[in-house]
Amino acid sequence: MDSAISDPHNGSAEAGGPTNGTTRPPSTPEGIALAYGSLLLMALLPIFFGALRSVRCARGKNASDMPETITSRDAARFPIIASCTLLGLYLFFKIFSQEYINLLLSMYFFVLGILALSHTISPFMNKFFPASFPNRQYQLLFTQGSGENKEEIINYEFDTKDLVCLGLSSIVGVWYLLRKHWIANNLFGLAFSLNGVELLHLNNVSTGCILLGGLFIYDVFWVFGTNVMVTVAKSFEAPIKLVFPQDLLEKGLEADNFAMLGLGDIVIPGIFIALLLRFDISLKKNTHTYFYTSFAAYIFGLGLTIFIMHIFKHAQPALLYLVPACIGFPVLVALAKGEVTEMFSYESSAEILPHTPRLTHFPTVSGSPASLADSMQQKLAGPRRRRPQNPSAIYEESNPKDPAAVTESKEGTEASASKGLEKKEK
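Quick notes on the rules
- Residues numbered from 1 in each chain as written.
- Predicted model: local features only at pLDDT ≥ 70, side-chain atom pairs only at ≥ 80, totals over all residues.
- Heavy atoms only, no water.
- Helix = DSSP H or I, 4+ residues; strand = E, 2+ residues; numbered from the N terminus.
- Contact = heavy atoms within 4.5 Å.
- Areas by Shrake-Rupley, 256 points an atom, 1.4 Å probe, with all protein chains shown as cover.
- Pairing = 2+ DSSP bridges.
- Axes fitted to C-alpha atoms, helices over the stretch in contact; angles between N-to-C directions.
- Left-handed = near helix turned anticlockwise from the far one by under 90°.
- pLDDT = per-residue confidence, 0-100.
- Expected span 1.5 Å × (residues − 1).
- Buried < 20%, exposed > 50% of the residue type's maximum accessible area, 1.4 Å probe, protein only.
- Polar contact = N/O pair within 3.5 Å; in protein donor to acceptor, adjacent residues only side chain to side chain.
- Parallel < 35°, antiparallel > 145°, perpendicular 65-115°, else oblique.
- Nonpolar A, V, L, I, M, F, W, Y, C, P; charged D, E, K, R; others polar.

1. What to know about the overall build of the chain
Phase 1: What the chain contains, in helices and strands, is 15 helices and seven strands.
Phase 2: At a minimum sequence separation of 6, the contacts of the chain that also span at least 24 residues come to 74%.
Phase 3: For the chain, the computed accessible surface area is about 24500 Å², with 63% contributed by carbon and sulfur atoms.

Shown next as structure tokens:
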């Protein structure tokens, strides 16, 4: 998981740089400002639009687009899993040929990138299709087993419009696979980031604090404590980072002196910001105070990261600055508004979705234990039909279609009634 912002090629011949003993000329201040400003803008786009789409995703009815909820247990394990993955990639690059590893990873991210980009552009492309466009529905279904033991492996629904978007995304995929161009890399990186913010949902604010706190330690350790993360970021030729050339003004689109930002620095704070947007909506106050506060906090944190990196000329763990800002600013606002309890008791997974029937209230009973028991007995006895006291009514209810039996029952009842009357007179 690449989660550091770095300026790896500014004035030095490092990994990926020239190998003939010459050094790169230092980038101009204009080029550096353009690169950093572009990285900041590219980081904000998937967070903003991904958060908006996460609200629609939570309310959607398409099962294939249902979000993946991150629980507190998942959040606690995530830094450990990310550390193992990062160290494993580092050892792979040290032991095996970097060329073959990157070829395998390129094919893997080629497929994932096409699917992610297709899902990203699909809502925008649907606005350009005419009403007369022949749109057919398709379903891709893979199952395992048979009969009652049949289990769905893949169940994906799509239509002709999705196929058009898939074709357009494939063009970008082929461009990336053949040229590894930084624009194609960024298109895939933005798609991955937006899909991550949209489809990964934290179930509550406490889980978000656990996740951000754990990755705060993870980021600081692997950037400042070792050279593992920076080495993997430079060696890993895959769209897991956003890049922008600092020498764009001098070399144009063929520039190769890049500043980079890991996708982890976008997705991890982004899913927390998206959670706060859904919390804003749950308050039903027609304001997005916590969303805008956390969004401004992200801008502040990332801007501070870029400033520190530029001053000290060293790769920085962006989460070192982003985590305190993204958590601290909204909590301070909640303290000022007296809504800390509401913030930490909010459950995103308990949202009322249109296609999910849920129990909206629970019956409450007040009083002594005896009155509670009586009320429960009344609840249980409520649906039952009371037994009629008239024996003829019982017989008539059980055999309503037998007129002879009904007549006989009536005669018997009248006879018993007349005998009772005679005894009373005597």
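Once you've had a look at it, read on.
2. Things to note about the pairing of strand β3 (residues 137-144)
Phase 1: Here β3 pairs with strand β4 (residues 151-159) via eight bridges, running antiparallel. Residue pairing in the sheet places Leu-140 in a bridge with Tyr-156 of β4.
Phase 2: Between β3 and β4, which follow one another and run antiparallel, lie six residues, and Gly-145 among them has a positive phi close to 85°.

3. A few points about the packing of helix α10 (residues 289-312) against helix α11 (residues 319-337)
A pair of packed helices is captured by two measures, namely the crossing angle of their axes and the spacing between those axes.
Phase 1: In contact at an axis separation of 8 Å, α10 and α11 are set at 150° when each is read in the N-to-C sense. At the point where α10 passes α11, the crossing takes the right-handed sense. Contact residues: Thr-289, Tyr-290, Thr-293, Ser-294, Ala-297, Tyr-298, Phe-300, Gly-301, Leu-302, Leu-304, Thr-305 and Ile-308 in α10; Tyr-321, Leu-322, Ala-325, Cys-326, Phe-329, Pro-330, Val-333, Ala-334 and Lys-337 in α11.

4. Focus on the confidence of the model for the chain
Phase 1: Within the chain, residue pLDDT values average 79, and 74% of them lie at 70 or more.
Phase 2: Counting interchain partners and residues more than four positions distant, the pLDDT-below-50 stretch residues 421-426 has zero contacts.

5. Overview of helix α4 (residues 160-179)
Structural remark: α-helix, 3.6 residues per turn; residues separated by three or four positions point the same way.
Phase 1: With 20 residues, α4 should reach 28 Å at 1.5 Å per residue; the first-to-last C-alpha distance of 29 Å fits that figure.
Phase 2: When α4 is considered as a whole, its buried residues turn out to be Thr-160, Lys-161, Asp-162, Cys-165, Ser-169, Val-172, Gly-173 and Tyr-176.
Phase 3: In this structure, the buried side of α4 is in contact with α3 (98-125), β3, β4 and α5 (182-199).
Phase 4: The residue sitting at the N-terminus of α4 and contributing the capping side-chain oxygen is Asp-159; that oxygen lies 3.2 Å from the backbone nitrogen of Lys-161.
Phase 5: Just downstream of α4, Lys-180 is the residue with a positive phi angle, here 55°.

6. Observations regarding the environment of Ser-27
Phase 1: With respect to the helices and strands, the residue Ser-27 is situated in the loop between β1 (5-6) and α1 (29-59).
Phase 2: For Ser-27, a relative accessible area of 13% corresponds to the buried category.

7. Observations concerning the side chain of Ser-106
Phase 1: Along the chain, Ser-106 turns up in helix α3.
Phase 2: A relative accessible area of 2% places Ser-106 in the buried class.
Phase 3: Here Asn-102 takes part through its backbone oxygen, which lies 2.6 Å from a polar atom of the side chain of Ser-106.

8. Looking at the packing of helix α9 (residues 264-283) against α11
Phase 1: Contact pair α9 / α11: the axes reach a minimum separation of 11 Å and the direction vectors enclose 5°. With respect to their mutual orientation, α9 and α11 come out roughly parallel. In contact with Asp-265, Pro-269, Phe-272 and Leu-276 of α9, α11 contributes Leu-319, Leu-322, Cys-326, Ile-327 and Pro-330.
Phase 2: Tallied by class, the residues present in the contact of α9 with α11 amount to eight nonpolar, no polar and one charged.

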